[in-house]
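Below are the chains, spelled out letter by letter.
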Amino acid sequence: MLIDQLYQIYKEFPKVCTDTRQISKDCLFFALKGDNFNGNSFADQALEAGAKYVVLDDPEFYKEDPAYILVEDVLSSLQDLARFHRKHLKMPFIGITGTNGKTTSKELLNSVLSQKYHTYATKGNLNNHIGVPLTILSLTEDIEIAIVEMGANHVHEIEFLCGISNPTHGFITNVGKAHLEGFGSFEGVMQAKGELYDYLNANQGQIYIQGDNEYLLQMAANRNLKDVIYYGFTEKNQIQGGLVVADPFLTIFWKNKDDAARQEVKTNLTGAYNIENMLAAVALGKTFGLSTEQINAGLGNYVPQNNRSQISKTDKNTIIADYYNANASSMAAALGNLDVIQADRKVAILGDMFEMGDQSEVEHRKVIEKAKSLNLDRLIFVGKAFYAQRDDQASYFESTDALKEDLVENPLDDYLILLKASRGMAFEKLMEVL
């Protein structure tokens, strides 16, 4: 079936689904394949659950029925449909990528811009070659601004996602040592993330740069960028700001370079590393004509979720839950934040960082040394990578379950505790005993 024919069906039934557990009535079910599953085998089940059509690419599961649409490749058809739909949408698209802070930046920006506009932002972590098309196909013509998060673990992926989403504005939060197995090196990370700059520059888009980040400035210097707005901590930036207090929630200030008035905002965020994410939202808010009051409301009302810089109190302790993901740079930032927060007693519980490639041993050692340099009451490392470098200056456990058992026997009480690890370490288990 040609893409324009599929688009006409989509226009009549504009709901797309790839999971039979989440079928909505009259949706289009795209039967994607994975390493351990074949979505084609669920075609009948999808129709029985209420799907209007199923798009499949395996003739073995095809039936001579109008509800079955056979294509050469389901994933390519999903991406082509999203690309085709994007061409019919007239609203601005803001693209966000970076090593750390993508999701928080997206949510902050959405909180700010939604004070004035009908916005739509990437749901959850749908930021890859499947998630970005699904995000675009969720957009309706009444949306006034779209915010699209784009992740990558290899070179040319951001370039590909930009080709689908066609961002008109965008920024890179930062670049750090993550997914080194796919990128090969830190230089590979910079090349891959810089593809957003390249796309925006080639398509008359507006670029926002953290003007005090040496790596982002280096990436900008290597390109003849035309339309740039800088935000950051020093007076050279158009939007500048900084920390007022962290107790442990951040109160920040910001101001426009051309305006003498300084704004202070009390937020629900922890982590000084989030200040630049907020300043990016301020810069975009100014671009789209929000008032100072609207920007401040968007920043102040945002409440983090999904275990990203999220503070919670249990019966025994105060927890900084930051275990959705972890890499070398986000570990350093989280430890730096723990160091500056006012608290009588502090503990860091740090879990393995995944996908570090041949740099794993070195990067885990750096985290150990950084953590030891801080004035913490207790230091706990969890996971095989950390355990392989164990010593007698901290506590080491091979697994999250092993630490959980120990905490039952030797509980922690009345501490500020940082939980930081890659998602696969399942640190949510520890919340039950903390």
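Cut-offs and rules
- Residues numbered from 1 in each chain as written.
- Predicted model: local features only at pLDDT ≥ 70, side-chain atom pairs only at ≥ 80, totals over all residues.
- Heavy atoms only, no water.
- Helix = DSSP H or I, 4+ residues; strand = E, 2+ residues; numbered from the N terminus.
- Rg over C-alpha atoms; globule rule 2.2 N^0.38 Å.
- Buried < 20%, exposed > 50% of the residue type's maximum accessible area, 1.4 Å probe, protein only.
- Contact = heavy atoms within 4.5 Å.
- Axes fitted to C-alpha atoms, helices over the stretch in contact; angles between N-to-C directions.
- Parallel < 35°, antiparallel > 145°, perpendicular 65-115°, else oblique.
- Pairing = 2+ DSSP bridges.
- Nonpolar A, V, L, I, M, F, W, Y, C, P; charged D, E, K, R; others polar.
- UniProt positions renumbered as here; feature names shortened; annotations may be inferred.
- Polar contact = N/O pair within 3.5 Å; in protein donor to acceptor, adjacent residues only side chain to side chain.
- Core = buried A, V, L, I, M, F, W, Y, C linked by side-chain atoms within 4.5 Å.
- Salt bridge = Lys/Arg side-chain N within 4 Å of Asp/Glu carboxyl O.

## What to know about the overall build of the protein
Secondary structure assignment for the protein yields 16 helices and 19 strands. Taken against the 2.2 N^0.38 rule, which gives 22 Å for 434 residues, the C-alpha radius of gyration of the protein at 23 Å falls within 12% of a compact globule. Dimensions of the protein, computed from C-alpha atoms along their principal axes, come out at roughly 70 × 55 × 40 Å. When burial is assessed residue by residue, the protein has 54% of its 434 residues classed as buried. Of the contacts made within the protein by residues no fewer than 6 positions apart, 63% connect residues no fewer than 24 positions apart.

## With respect to the packing of helix α8 (residues 186-193) against helix α9 (residues 195-202)
Where α8 contacts α9, the axes come no closer than 4 Å and their chain directions differ by 25 degrees. With respect to α9, the axis of α8 lies roughly parallel. Where α8 approaches α9, its residues Gln191, Ala192 and Lys193 are matched on the opposing element by Glu195, Leu196 and Tyr197.

## What about the sheet that holds strand β3 (residues 53-56)?
Within a sheet, each strand pairs with its neighbour through backbone hydrogen bonds, oriented either parallel or antiparallel. Strand order in the open sheet made by the four strands is β1-β2-β3-β4, with parallel pairing throughout. For this open sheet the edge positions go to β1 (16-17) and β4 (68-70), each flanked by a neighbour on one side alone. Relative to β4, β3 is paired through three bridges, and the arrangement is parallel. Within β4, the residue paired with valine 55 across the bridge is isoleucine 69. Against the sheet, helix α1 (residues 3-12) engages β1, β2 (28-30), β3 and β4, with an angle of about 130 degrees to β2. Packed onto the sheet, helix α3 (residues 74-86) meets β1, β2 and β3 and runs at close to 130 degrees relative to β2.

## A short note on the sheet that holds strand β18 (residues 395-397)
Judged by pairing direction, the sheet is mixed, and its six strands sit side by side in the order β14-β15-β19-β16-β17-β18 without closing on themselves. Each edge of the open sheet carries a strand with a single partner, namely β14 (310-313) and β18. Put simply, the sheet's adjacent strands are angled 15 degrees from each other on average, direction ignored. Sheet topology note: the β14/strand β15 (residues 318-322) ladder contains four bridges and is antiparallel. The partner of isoleucine 311 across the bridge, within β15, is isoleucine 320.

## Notes on the packing of α3 against helix α6 (residues 157-165)
Packing of α3 against α6 brings their axes to within 7 Å, and their N-to-C directions diverge by 50 degrees. Between α3 and α6, the crossing angle belongs to the class labelled oblique. Residues Gln79, Ala82, Arg83 and Arg86 of α3 form the contact with α6, whose own contacting residues are Phe160, Gly163, Ile164 and Ser165. Residues of the contact of α3 with α6, tallied by class, amount to three nonpolar, three polar and two charged.

## Considering the UniProt feature "binding site: ATP" (unreviewed entry) in the protein
If you check UniProt for "binding site: ATP" (unreviewed entry), the listed places come out as Gly98, Thr99, Asn100, Gly101, Lys102, Thr103 and Thr104 in our numbering. Looking at asparagine 100, the relative accessible area reads 15%, which means it is buried. Among residues more than four places away in sequence, those in contact with asparagine 100 are Thr173, Asn174, Asn327, Ser329 and Ser330. Mapping lysine 102 onto the fold places it in helix α4 (residues 102-113). What lysine 102 contacts, discounting residues up to four positions off in sequence, is Ile96, Thr97, Asn127, Glu149, Met150, Gly151 and Thr173. At a separation of 2.8 Å, a polar atom in the side chain of lysine 102 contacts the main-chain carbonyl oxygen of glycine 98.

## What about the nonpolar core?
Counting 49 residues, the largest nonpolar core has Phe30, Phe93, Met150 and Tyr197 as the members making the most contacts within it. Apart from the residues within four sequence positions on either side, phenylalanine 93 is in contact with Arg86, Ile136, Leu139, Ala146, Val148, Ser165, Asn166, Pro167, Thr168 and His169. By size, the runner-up hydrophobic cluster in this structure holds 33 residues, among which are Ile96, Phe171, Ala246 and Leu269.

## Quick notes on unusual backbone geometry
For aspartate 26, which is not a glycine, the phi torsion comes out positive at approximately 65 degrees. Here aspartate 26 is to be found in the loop between β1 and β2. Residue classification places aspartate 26 among the partly exposed residues on the basis of a relative accessible area of 26%. Although it is not a glycine, alanine 426 adopts a positive phi angle of roughly 55 degrees. Secondary-structure assignment places alanine 426 in the segment after β19 (416-420).

## Some words on the side chain of serine 105
By the element assignment, serine 105 lies in helix α4. Taking the relative accessible area as the measure of exposure, serine 105 reaches 1% and is therefore buried. Sequence-distant contacts of serine 105, that is, excluding residues within four places in its chain, are made with Ile96, Phe171, Thr173 and Asn277.

## Points about the pattern of salt bridges
Applying the stated criterion across every chain yields a total of 17 salt bridges. The closest approach of N and O atoms between arginine 21 and aspartate 19, which form a salt bridge, is 2.8 Å. Relative accessible area serves as the criterion here: at 75%, arginine 21 is assigned to the exposed category. For aspartate 19, a relative accessible area of 18% translates into the label buried. Residue lysine 366 is joined to glutamate 363 by a salt bridge in which the shortest nitrogen-to-oxygen separation is 3.6 Å.

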